[in-house]
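Remarks on the overall topology
Single-letter residue listing:
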Amino acid sequence: MIEYRNSVGDAPCLHLASASDRRVDLLRSLGLSFSAAGVDIDESQFDAESAIDMVQRLATSKARAASGAFKRPILGADTVVVHGHTVFGKPASESDALRMLGRLSGCKHEVLTAVAVLYQDQMLLTTSATRVRFRDISQDEMRRYWQTGESRGKAGAYAIQGIAAVFVEAIEGSYSGVVGLPVFETAKLLQDANINVPALAVPERSRPI
């Protein structure tokens, strides 16, 4: 477990049930102090389970998996890429990554990120849906992209905040949701859980002289 303190050194008010550097960075952008550690759960899709049901189930499962070790609120999140009726999770191999990128090439797809906050025995949940369109990607580009290492551990075998940005023709929705944690929705959820979000604090006006 790692603790991340804000600029004024506040004690952690939240635990992030994830080891994702991307989610850590996005949560830190809200000015929060929090702890973070990954959880070990089965991320397989159930038979006949829809993409949105899957991503919401995994987000809540991650929050619950970490809840026994902490008394403070727990945040869990999960991201999947959806093309048609097919859910793309993290690639298991180079051939798997190339298959995913080949399906996404020249097409629109949807990125779903669910965020769950377990707070005083209540589970608060929100989901971000973003449409992304890729330009045509050649097989050589796909192979060279895999060799950068960026595909590994990424839903849909790509990271929009990295080199894969050159593949993106258009995006409709939350960019941070595609990265792995929708900032707008997450901040709202934290406020609903009575967690102060420093980035949203309004500075006090100085008194007139």
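A brief look at the structure comes next. Just so it is clear, the structure is predicted and the values come from calculations on it, not from any experiment. (Residues numbered from 1 in each chain as written. Predicted model: local features only at pLDDT ≥ 70, side-chain atom pairs only at ≥ 80, totals over all residues. Heavy atoms only, no water.)

1. Side note on the layout of surface pockets
By volume, the largest pocket is sized at about 430 Å³. Residue lining of the largest pocket: 30 residues in total, with Arg-22, Arg-23, Lys-62, Lys-90 and Gly-153 positioned closest to the centre. Going through the elements one at a time, α1 (21–28), α2 (51–66), β4 (74–83) and α5 (175–179) are the ones with two or more residues in the lining of the largest pocket. Top element by residues in the lining of the largest pocket is β4. It accounts for five residues. Residue composition of the lining of the largest pocket, by class: 15 nonpolar, eight polar and seven charged. (1 Å grid on protein atoms, 1.4 Å probe; cavity = no way out; pocket = protein on both sides within 12 Å on 5 of 7 lines; lining within 4 Å. Points joined across faces, edges and corners; volume = space filled by probe spheres on them. Helix = DSSP H or I, 4+ residues; strand = E, 2+ residues; numbered from the N terminus. Nonpolar A, V, L, I, M, F, W, Y, C, P; charged D, E, K, R; others polar.)

2. Observations concerning helix α3 (residues 94–104)
All of the buried residues in α3 are Asp-96, Ala-97, Leu-98, Met-100, Leu-101 and Leu-104. Contacts made by the buried residues of α3 are with β4, β5 (86–88), β6 (108–119), β7 (122–134) and α4 (139–147). Phi turns positive one or two residues past the end of α3, at Gly-106, with a value near 70 degrees. (Buried < 20%, exposed > 50% of the residue type's maximum accessible area, 1.4 Å probe, protein only. Contact = heavy atoms within 4.5 Å.)

3. Some details on the pattern of salt bridges
Opposite charge on two side chains makes pairing possible when the charged atoms of those side chains draw close. Under the counting rule described, the total for this entry stands at eleven salt bridges. Residue Lys-62 pairs with Asp-78 through a salt bridge whose shortest N-O separation is 2.9 Å. Of this pair, Lys-62 sits in helix α2 while Asp-78 sits in strand β4, and the two are 16 residues apart along the sequence. Look at Asp-78 and you get buried, because its relative accessible area is 3%. Among the ionic pairs, Asp-140 bridges to Arg-144, the shortest N-O distance being 2.9 Å. Here the residue Asp-140 and the residue Arg-144 both occupy positions in helix α4, the gap between them amounting to four residues, near one helical turn. (Salt bridge = Lys/Arg side-chain N within 4 Å of Asp/Glu carboxyl O.)

4. Notes on the packing of α3 against α4
Where α3 contacts α4, the axes come no closer than 10 Å and their chain directions differ by 130 degrees. In terms of orientation, α3 lies oblique with respect to α4. Considering how the two elements wind past one another, α3 and α4 form a crossing that is right-handed. Residue-level inspection shows Glu-94, Ala-97, Leu-98, Leu-101 and Gly-102 of α3 in contact with α4, the latter providing Met-142, Arg-143, Tyr-145 and Trp-146. (Axes fitted to C-alpha atoms, helices over the stretch in contact; angles between N-to-C directions. Parallel < 35°, antiparallel > 145°, perpendicular 65-115°, else oblique. Left-handed = near helix turned anticlockwise from the far one by under 90°.)

5. Quick notes on the pairing of β7
In this structure, β6 lies alongside β7, joined through twelve bridges in antiparallel fashion. Of the residues in β7, the one forming a bridge with Ala-116 is Leu-125. Linkage of β6 to β7, two consecutive antiparallel strands, is achieved through a turn of two residues, within which Gln-120 is found at a positive phi near 50 degrees. Pairing analysis gives four bridges linking β7 to strand β8 (residues 168–172), with the strands arranged antiparallel. By the bridge assignment for β8, Arg-133 is matched with Ala-170. (Pairing = 2+ DSSP bridges.)

6. Observations concerning the nonpolar core
Leu-27, Phe-34, Leu-75, Tyr-158 and Leu-190 are the most contacted members of the largest nonpolar core, which has 46 residues in total. Top element by residues in this core is α3. It accounts for five residues. Setting aside residues up to four positions removed in sequence, Phe-34 forms contacts with Ile-2, Glu-3, Tyr-4, Pro-12, Leu-14, Leu-16, Val-24, Leu-27 and Arg-28. Membership of the second largest hydrophobic core comes to twelve residues, among which are Val-55, Leu-58, Ala-59 and Val-82. (Core = buried A, V, L, I, M, F, W, Y, C linked by side-chain atoms within 4.5 Å.)

Note that all results are geometric; they support no functional claim without further evidence.
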